[in-house]
Amino acid sequence: DIPRAFGSYEALLADDEIEAVYIPLPNTLHKEWTIRAAQAGKHVICEKPLAISAAECEGMRAACDVGRVLLMEALPYHFHSQILRCRELLAAGSIGQVRLVQSAFSFPLSDRENIRLRRELGGGALFDVGCYCVAVLRLMSGEEPSEVFAFAELGQTTHVDEAMTGQIRFPSGTLGTFDCSFNMQFRQFVEIVGSEGTIYLAK
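Note that this is a predicted model, so its numbers are computed, not measured.

To continue, consider the packing of aromatic side chains. Within this structure, the stated rule accounts for seven aromatic pairs. On the numbers, 5.0 Å between centres and 75° between planes, the contact of Tyr-9 with Trp-33 is edge-to-face. Residue Tyr-9 is located in helix α1 (residues 9-13), and its partner Trp-33 is located in helix α2 (residues 30-39); the two are separated by 24 residues in the primary sequence. A residue is classified by how much of its surface remains accessible, and Tyr-9, at 46% relative accessible area, is partly exposed. Aromatic rings pair up to connect Tyr-77, Phe-105, Tyr-132 and Phe-186 into one cluster. The ring centre of Trp-33 lies 4.1 Å from the NZ or CZ of Arg-36, which sits over that ring.

Where nonpolar side chains cluster on the molecular surface, the patch consists of Tyr-22, Ile-45, Met-72 and Phe-79 and spans about 410 Å² of accessible area. Within the element layout of this structure, Phe-79 appears in the loop between β3 (71-74) and α4 (81-91). Judged by its relative accessible area of 54%, Phe-79 falls in the exposed class.

The next subject is the nonpolar core. Grouped together as the largest cluster of nonpolar side chains are 31 residues, with contacts concentrated most on Leu-90, Met-140 and Ile-192. Considering each element in turn, this core owes the most residues, eight residues, to helix α5 (residues 125-141). Excluding residues within four positions of it along the chain, Met-140 makes contact with Ile-83, Cys-86, Arg-87, Leu-90, Val-101, Ile-192 and Leu-201. Formed by 12 residues, the second largest nonpolar core is a distinct cluster that contains Leu-13, Ala-37, Leu-50 and Met-60.

Quick notes on the rules
- Within any chain, residue numbers begin from 1 and follow the written order of that chain's sequence.
- Local features are withheld for residues below a pLDDT of 70 in this predicted model, meaning they are given only at 70 or higher, and side-chain atom pairs are given and counted only at 80 or more; totals for whole chains, interfaces and linings count all residues.
- The side-chain quantities take in all heavy atoms of the structure and omit both hydrogens and water.
- Stacked, tilted and edge-to-face pairs are distinguished by plane angle, under 30 degrees for stacked and over 60 for edge-to-face with tilted covering the rest, among Phe, Tyr and Trp rings (Trp via its six-membered ring) whose centres lie within 6.5 Å.
- Think of it this way: any DSSP run of H or I at least four residues long counts as a helix, any run of E at least two long counts as a strand, and we number them from the N terminus.
- Relative accessibility thresholds used throughout: buried, under 20% of the residue-type maximum; exposed, over 50%; partly exposed, between the two (1.4 Å probe, protein chains only).
- Placement of a positive charge over a ring is assigned whenever Lys NZ or Arg CZ falls within 6 Å of the ring centre and within 35 degrees of the normal to the ring plane.
- For patch detection, residues must exceed 30% relative accessible area and be free of salt bridges, and they are connected within 9 Å for like charges or within 5 Å for nonpolar side chains (Val, Leu, Ile, Met, Phe, Trp, Tyr).
- Working definition of accessibility: Shrake-Rupley area with a 1.4 Å probe, residue cover restricted to the visible protein chains.
- Just to be clear on terms, a salt bridge is a Lys or Arg side-chain nitrogen sitting within 4 Å of an Asp or Glu carboxyl oxygen.
- The term nonpolar core refers to a set of buried residues drawn from Ala, Val, Leu, Ile, Met, Phe, Trp, Tyr and Cys, joined through side-chain atoms within 4.5 Å.
- We call two residues in contact when some of their heavy atoms are within 4.5 Å.

As structure tokens, this is what we get:
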């Protein structure tokens, strides 16, 4: 009972009544269809990761600027009440100066045919769940990284990062650490450590 449907992405983008699109395609297709949507004058909410390289992100942003449309990465937790309250506490200085932000997201992935393990489609733990970890470090520190270092465990047959741990330094001196994995038990948390207190968020 869907009142309206399209037989192709091209037909959808050609419809003048559609103002915005959500792009949940495999990671390697994000750039192409974001640019095509921008050229068609559609605002874009693109599934994470926005793209598989910084250069692709820049191309997508440039296309959206030219098309005068908005581009947003689909990270809905930014608007979650828990996150909003946490940011309020940080802005109020409730834990003093933020010194360290830690995050983790892992779960066991037993299906070896899963799209998350396909290198040609932009698979890997960093792109799938690690992007949440890195994004929340940036959000809670309020800064962009000045230095980044990481170790990855590559799958012997998949050749994608099935586990990764990373360290980030921000310009103010705040430190960040994260880990993400397809071969560990479920973990999902953020810890913000300040000079006068700690905030811990977990699912």
